[in-house]
Amino acid sequence: VATGKTTVFRGHHDQPVRLSVAADGGVVTGSWAGQVSFWRLDHALPLAQERAHPGIVLFVAHAARGARVVTSSRRLSIVWDTKTMKPVRSLTPPADVSSGDAAGDLFVLGTRAGRAHLYDLASGAPLRSLSAGSAALTCLRLSADGATLVTLSAAGDLGVWRTADGKRLRHF
């Protein structure tokens, strides 16, 4: 990137559909068929690949200052160690998961029923469930420190939440 040269990543066995880039140049991609691949911005071939999910990877997000990445499909969420490129934890997400994000020491999964489920990154334990309405959550974003969550629903509702206690701070 600093050289101004273009790097084309080669090595996916099927269509990549999600990605996350860490501040240190680490890249993780997820594919249509459930493959998770680890890359470096300065290296065109994958460093590690695993068909980890039983279907499309719905989201990929770095957290814990880049030390962890979370990937999720409809039936499986996995927390990965970015140094070893190996899973450290997996859990069954809500059946109607539609979106997700990770930051700080948290990750969040949104559902088609309008709920945001917060989890502890270290243990995988559920922390709280927030009701953002009845429309599907199409996008979720945690602030870099994980203290604030912003939700966007298919109905166009935007919510701002404090993750420590689940209090909705704003609704647009």
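Worth saying up front: this structure is predicted, and the values here are computed from it rather than measured. (Residues numbered from 1 in each chain as written. Predicted model: local features only at pLDDT ≥ 70, side-chain atom pairs only at ≥ 80, totals over all residues. Heavy atoms only, no water.)

The helix and strand tally for the protein stands at zero helices and 16 strands. The C-alpha radius of gyration of the protein comes to 16 Å, within 12% of the 16 Å expected for a compact globule of 172 residues. The dimensions of the protein, computed from C-alpha atoms along their principal axes, are 45 × 35 × 30 Å. Within the protein, counting contacts between residues at least 6 apart in sequence, those at least 24 apart form 34% of the total. Carbon and sulfur atoms make up 55% of the accessible area of the protein, which totals about 8500 Å². Positive and negative side-chain charges of the protein, numbering 20 and 12 respectively, have mean locations separated by a distance of 3 Å. (Helix = DSSP H or I, 4+ residues; strand = E, 2+ residues; numbered from the N terminus. Rg over C-alpha atoms; globule rule 2.2 N^0.38 Å. Contact = heavy atoms within 4.5 Å. Areas by Shrake-Rupley, 256 points an atom, 1.4 Å probe, with all protein chains shown as cover. Lys, Arg positive; Asp, Glu negative; His and termini not counted. Charge placed at Lys NZ, Arg CZ, Asp CG, Glu CD.)

This brings us to the sheet that holds strand β1 (residues 16–21). One open sheet holds the four strands; their spatial order is β1-β2-β3-β4, and the pairing between them is antiparallel. At either margin of the open sheet sits one strand with a lone partner, and together these are β1 and β4 (43–51). Taken over all neighbouring pairs, the strand axes of this sheet differ in orientation by 25° on average, direction set aside. As paired elements, strand β3 (residues 35–40) and β4 share five bridges and run antiparallel to each other. Bridge pairing in β4 links F38 to A48. (Pairing = 2+ DSSP bridges. Axes fitted to C-alpha atoms, helices over the stretch in contact; angles between N-to-C directions.)

A word on the nonpolar core. Residues V70, A102, F107, L109 and L121 are the most contacted members of the largest nonpolar core, which totals 14 residues. Looking at this core, the elements that each hand over two or more residues are β5 (59–63), β9 (97–103) and β10 (106–111). It is β5 that provides the largest number of residues to this core, a total of three residues. What A102 contacts, discounting residues up to four positions off in sequence, is A61, H62, A63, V70, F107 and L142. Listed in part, the twelve residues of the second largest apolar core include A103, A116, L118 and W161. (Core = buried A, V, L, I, M, F, W, Y, C linked by side-chain atoms within 4.5 Å. Buried < 20%, exposed > 50% of the residue type's maximum accessible area, 1.4 Å probe, protein only.)

Now for the pairing of β1. Sheet analysis places β1 next to strand β2 (residues 26–31), joined by five bridges and oriented antiparallel. Note on β2: the bridge partner recorded for S20 is V28. What sits between the antiparallel neighbours β1 and β2 is a turn of four residues, in which G25 has the positive phi angle 95°.

Glancing now at the packing of aromatic side chains. On inspection of all chains with the given rule, the structure shows two aromatic pairs. Between F38 and W80 the ring centres are 5.5 Å apart and the planes differ by 65°, which places this aromatic pair in the edge-to-face class. One end of the pair, F38, is in strand β3; the other, W80, is in strand β7 (residues 77–81), with 42 residues separating them in the sequence. A relative accessible area of 0% means that W80 is categorised as buried. When the ring of F107 is compared with that of Y119, the centres are 5.0 Å apart and the planes differ by 10°; the resulting orientation is stacked. On the criterion of sequence distance, the pair formed by F107 in strand β10 and Y119 in strand β11 (residues 115–120) is long-range, its members being twelve residues apart. For the pair formed by F107 and Y119, the shared burial category is buried. (Phe/Tyr/Trp six-rings, centres within 6.5 Å; stacked < 30°, edge-to-face > 60°.)

Mean pLDDT for the protein: 92, with 98% of residues reaching 70 or above. Mean pLDDT values over the elements of the protein span from 90, in β9, up to 97, in strand β15 (residues 158–162). (pLDDT = per-residue confidence, 0-100.)

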